[in-house]
Amino acid sequence: MAAAAVTGQRPETAAAEEASRPQWAPPDHCQAQAAAGLGDGEDAPVRPLCKPRGICSRAYFLVLMVFVHLYLGNVLALLLFVHYSNGDESSDPGPQHRAQGPGPEPTLGPLTRLEGIKVGHERKVQLVTDRDHFIRTLSLKPLLFEIPGFLTDEECRLIIHLAQMKGLQRSQILPTEEYEEAMSTMQVSQLDLFRLLDQNRDGHLQLREVLAQTRLGNGWWMTPESIQEMYAAIKADPDGDGVLSLQEFSNMDLRDFHKYMRNHKAESSELVRNSHHTWLYQGEGAHHVMRAIRQRVLRLTRLSPEIVELSEPLQVVRYGEGGHYHAHVDSGPVYPETICSHTKLVANESVPFETSCRQVSPNWGLPSILRPGTPMTQAQPCTVGVPLGMGPGDHWVIPVSPWEHPQLGTCSVAPLPYSYMTVLFYLNNVTGGGETVFPVADNRTYDEMSLIQDDVDLRDTRRHCDKGNLRVKPRQGTAVFWYNYLPDGQGWVGDVDDYSLHGGCLVTRGTKWIANNWINVDPSRARQALFQQEMARLAREGGTDSQPEWALDRAYRDARVEL
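To start, this report covers the structure provided alongside it. (Residues numbered from 1 in each chain as written. Predicted model: local features only at pLDDT ≥ 70, side-chain atom pairs only at ≥ 80, totals over all residues. Heavy atoms only, no water.)

**Thoughts on the overall build of the chain**
Stage number 1. Assigned secondary structure in the chain consists of 17 helices and 24 strands.
Stage number 2. Each of the 563 residues in the chain was classed as buried or not, and the buried ones make up 45%.
Stage number 3. Looking at the chain alone, contacts between residues at least 24 apart form 77% of all its contacts between residues at least 6 apart.
Stage number 4. Accessible surface for the chain amounts to roughly 29,800 Å². Of this, 52% is attributable to carbon and sulfur atoms. (Helix = DSSP H or I, 4+ residues; strand = E, 2+ residues; numbered from the N terminus. Buried < 20%, exposed > 50% of the residue type's maximum accessible area, 1.4 Å probe, protein only. Contact = heavy atoms within 4.5 Å. Areas by Shrake-Rupley, 256 points an atom, 1.4 Å probe, with all protein chains shown as cover.)

Okay, structure coming up:
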């Protein structure tokens, strides 16, 4: 009422004007400021109304859009400048530009590894279009699986026939004539050799210590009886107790030892391996059944096609009656001093030792502790590749199939090579014996010295195959496969799986035919990637014609065999 009296208006009129004010009208405190200091009857000066302070006003929006357009225009102009100023170099770098630095190194994804779940676990897979297969877990250490009916009976008979057409050769570990030369390359004193063999450090060499570390001569399988026979021949053990002291070992003349090994003519039953084998090519241009089997292995392992296709050919092995293969591993420990020869050439690396990444070294008979790092001289590395020339000192290029080349030898000094996986096929039913034994499968622990206890050598497949933890009976068409390495935690090759120790039991009746696919992987992930990249480049440039004649089994490509 007081405000109405000051303006001379009635209360109803004031209320109506208040209600008709716009929504942005100034609040009461603005009016109070405008009327401050005015007396009765004085006219208030004209003052601007209080304006809203929101950021969505038209003027603010226009200013903002101007700045956005200026910023985008500057960015676009910079991109156009860079494109046109470097256009020539990016489209055709030229030799000088390409030589300034290497491009990004190729990388590979993780290696696929099937899960075992538990012993006896089965899973269904489709490896061919017209039928299903079942994979059964046989053990977890090593990770071992069985697939019945992986090959048809017709495929098994065809493989045997192709192998017979090709011709089989005796499987040898270390030729006798090469043994003395190989031993002469060692520069290890007798004292150092004694210390290496003396595993328990008690100053004496027991028979089992010698057995655990040595496979000597031309692939001769040593037994307690054969070692004592050798001691007696070279007069190394005067008291005949089978134990050598440091003094007795030092008094032994190694030349007598070499002479004994050279003159000893081992029977086939005394060899590490008593069998015959050959290799069948599976790459482009091979027999269509061989190609189909490789593709089936590719689907089974779930590895990349590059790894499977660049692995070695199919090995076919025949064990006659009395044939055997003492327990061994299909691959060796990963040493930084050793490199696969099939990947070394593209990686441009130099190391003391190189290996073919599967092919067994002739020096496998040397003590297993004499690995890279042990001083050796005159080592002849395994040279694998397509020759550019045939004379001494000629250079070699990318390998294709070294197992088929008659002029390529094997490594003189190298550990067992790197085989990530083994896929073994049984090609016939064996009348008696011939099982594949895994002596320490699913053991709680592994100790090499525990393999020999109380004159029982679990690696001896002629005498003690029945004492192994797991034996797989050969059945025609069945395949078994296992991993020779543990994972490294980063999807690549880790340490060798000692539990993958396996062998072929003595064939007591009939003949045993098997085939092997070894999947080769370089322990260096970067080196494997470079190798695959280079092989892909060669394939793009030359295709199948770039492979030499010796790499292809062209004679069997169109063979049709009545089975």
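**Focus: the sheet that holds strand β15 (residues 436-438)**
Stage number 1. If you walk across this open sheet you meet the five strands as β7-β10-β22-β15-β18, and the pairing is antiparallel. Edge strands, defined here as strands with exactly one partner in the open sheet, are β7 (273-274) and β18 (470-472).
Stage number 2. Taken together, the two bridges between β15 and strand β22 (residues 502-504) define a ladder with antiparallel strand orientation. Residue pairing for β22: Thr436 is matched across the bridge by Gly504. (Pairing = 2+ DSSP bridges.)

**Looking at helix α7 (residues 153-166)**
Stage number 1. Taking 1.5 Å as the rise per residue, α7 with 14 residues should run 20 Å; its terminal C-alpha atoms sit 20 Å apart, in good agreement.
Stage number 2. Within the sequence span of α7, burial applies to Glu155, Cys156, Leu158, Ile159, Ile160, Leu162 and Ala163.
Stage number 3. Each element contacted by the buried residues of α7 is listed here: β8 (276-280), α14 (288-301), β9 (314-319), β13 (419-426) and β24 (512-520).
Stage number 4. Trailing α7 by a residue or two, Gly167 shows a phi angle of about 100°, which is positive. (Expected span 1.5 Å × (residues − 1).)

**A word on the nonpolar core**
Stage number 1. Counting residues in hydrophobic clusters, the biggest one holds 47 residues, and the most contacted among them are Phe150, Ile159, Val316, Phe425, Leu427 and Phe481.
Stage number 2. Once residues lying within four places of it in the same chain are set aside, the contact partners of Leu427 are Leu151, Cys156, Ile159, Ile160, Val316, Gln476, Trp513, Ile514 and Ala515.
Stage number 3. Counting 30 residues, the second largest nonpolar core, distinct from the first, contains Ala212, Phe249, Phe257 and Tyr260. (Core = buried A, V, L, I, M, F, W, Y, C linked by side-chain atoms within 4.5 Å.)

**Thoughts on the sheet that holds β24**
Stage number 1. An order of β1-β2-β3-β19-β13-β24-β9-β8-β4 is seen for the nine strands of this open sheet, with the pairing classed as antiparallel. Strand pairing shows two members of the sheet lacking a second neighbour, β1 (122-128) and β4 (169-170), which therefore form its edges.
Stage number 2. Direction of pairing for β13 relative to strand β19 (residues 479-483): antiparallel, over a ladder of five bridges. If you follow Met421 over to β19, its bridge partner there is Tyr483.
Stage number 3. Packed onto the sheet, α7 meets β8, β9, β13 and β24 and runs at close to 100° relative to β8. (Axes fitted to C-alpha atoms, helices over the stretch in contact; angles between N-to-C directions.)

**As for the packing of aromatic side chains**
Stage number 1. Inspection of every chain in the model, using the stated rule, returns nine aromatic pairs.
Stage number 2. Plain terms: the ring middles of Tyr418 and Tyr485 are 6.4 Å apart, the flat faces sit at 45° to each other, and that makes the pair tilted. In this pair, Tyr418 is assigned in the loop between β12 (353-355) and β13 and Tyr485 in strand β20 (residues 485-487), connecting sequence segments 67 residues apart. Assigned by exposure class, Tyr418 and Tyr485 land together as buried.
Stage number 3. Directly above the aromatic system of Tyr483 lies the positively charged group of Arg113, at a separation of 4.6 Å from the ring centroid. (Phe/Tyr/Trp six-rings, centres within 6.5 Å; stacked < 30°, edge-to-face > 60°. Lys NZ or Arg CZ within 6 Å of the ring centre and 35° of its normal.)

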